[in-house]
Amino acid sequence: ELKVEQNPLFLSMQEGKNYTIYCNYSTTSDRLYWYRQDPGKSLESLFVLLSNGAVKQEGRLMASLDTKARLSTLHITAAVHDLSATYFCAVDVGNYQLIWGAGTKLIIKP
Amino acid sequence: EAGVTQSPTHLIKTRGQQVTLRCSPISGHTSVYWYQQALGLGLQFLLWYDEGEERNRGNFPPRFSGRQFPNYSSELNVNALELEDSALYLCASSLKMGELGGETQYFGPGTRLLVL
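Procedures and definitions
- Residues numbered from 1 in each chain as written.
- Chains lettered and ligands numbered in written order.
- Predicted model: local features only at pLDDT ≥ 70, side-chain atom pairs only at ≥ 80, totals over all residues.
- Heavy atoms only, no water.
- Salt bridge = Lys/Arg side-chain N within 4 Å of Asp/Glu carboxyl O.
- Helix = DSSP H or I, 4+ residues; strand = E, 2+ residues; numbered from the N terminus.
- Buried < 20%, exposed > 50% of the residue type's maximum accessible area, 1.4 Å probe, protein only.
- Disulfide = S-S within 2.5 Å.
- Contact = heavy atoms within 4.5 Å.
- Buried area = accessible area lost by both parts, 1.4 Å probe.
- Polar contact = N/O pair within 3.5 Å; in protein donor to acceptor, adjacent residues only side chain to side chain.
- Nonpolar A, V, L, I, M, F, W, Y, C, P; charged D, E, K, R; others polar.

### Considerations on the pattern of salt bridges
Between side chains of opposite charge, pairing is possible as soon as their charged atoms come close. Counted according to the given criterion, the structure contains seven salt bridges over all chains. As a salt-bridge pair, Asp92(A) and Arg31(A) come within 3.4 Å of each other at their nearest N and O atoms. Placement of the pair is Asp92(A) in strand β9 (residues 85-92) and Arg31(A) in the loop between β3 (19-25) and β4 (32-37), with a sequence separation of 61 residues. You can call Asp92(A) buried: its relative accessible area is 7%. Residue classification places Arg31(A) among the partly exposed residues on the basis of a relative accessible area of 22%. Here the salt bridges share partners, and the residues they tie into one network are Arg22(B), Arg67(B) and Glu75(B).

### Quick look at unusual backbone geometry
Note that the residue after Asn7(A), namely Pro8(A), is joined by a cis bond; omega there is 0°. The peptide bond linking Ser7(B) to Pro8(B) adopts the cis configuration, its omega dihedral lying at -10°. Mapped onto the elements of the fold, Pro8(B) is located in the loop between β1 (5-7) and β2 (10-13). With a phi angle near 55°, Arg70(A) is a residue other than glycine that sits in the positive phi range. Within the element layout of this structure, Arg70(A) appears in the loop between β7 (61-66) and β8 (71-76). In this model, Tyr72(B) sits at a positive phi of 75°, which is unusual for a non-glycine residue. As for its placement among the helices and strands, Tyr72(B) is situated in the loop between β7 (64-68) and β8 (74-78). Given the relative accessible area of 28%, Tyr72(B) is considered partly exposed.

### Re the state of the cysteines
Residue and element names in this part refer to chain A. For the coordinates displayed, the defined rule picks out two disulfides over all chains. Residue pairing for Cys23: its cysteine sulfur links by disulfide to Cys89, the two sulfurs lying 2.0 Å apart. The sign of the S-S torsion, about 80°, decides the handedness of the disulfide formed by Cys23 and Cys89: right-handed. With Cys23 in strand β3 and Cys89 in strand β9, this pair connects stretches of sequence that are 66 residues apart.

### With respect to the interface of chain B and chain A
One frequent convention defines the size of an interface as the accessible area lost when the parts assemble. Opposite the 22 residues of chain B that make contact, chain A presents 18 residues. Both faces combined, the contact of chain B with chain A buries some 1600 Å², and carbon together with sulfur accounts for 55% of it. The three residues of chain B that bury the most area against chain A are Leu43(B), Glu103(B) and Phe107(B), which together make up 32% of that side's buried surface. Linking chain B to chain A there are zero salt bridges. For the interface between chain B and chain A, the tally reads four residue pairs in polar contact (both at pLDDT 80 or more). Of all the secondary-structure elements, those providing two or more residues to the side of chain B that touches chain A are β4 (31-37), β5 (43-50), β6 (53-57) and β9 (87-94) of chain B. When the residues that make up the side of chain B that touches chain A are grouped by side-chain class, the tally is eleven nonpolar, eight polar and three charged.

What follows is the structure, encoded as structure tokens:
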């Protein structure tokens, strides 16, 4: 069965702290996506990781992909309140079909 | 540049009814994807259309169907609605697969469907 598991599913942290969200998947894929969703809003593309070892950074967020370990991480550096949202990873399993993780709800307290 | 648009924003139906949801992709995008997001859950892939053809289908019953028009807009039809069909239905669009940037899907605001 194709599975994409995010860990943790809920995270409450203080501003200024660092933390990592993990995305494990059960099938071979070299294409992984990270999206952000604010409450009541649609999804916003954050990163597209297209190969093993890919690393992308945007502001306080950095994403990496290890296709051999079937693992992607989303690292948050010196968190700020504006990063509070739900973060989803999604794995392309072929033919542009994405399997999505359940999402990590991130709350950053001032 | 206008983003992906969806209509209606909200819809209330009763069991057994039929519903049609609409999606207009970003100008220049030829692929349209449909997803179901049940409350508190991740997204479930429903359908992918590219240049008017259904290219892939998720694990949903046949009462979920759709089509893509020559202008690349798309409709999602759900027949014989069931209570568990209550969800946010998201449409996304992308450039043609294989094109630079074609791998990124851009999402619309969604249609929230409530089945009573």
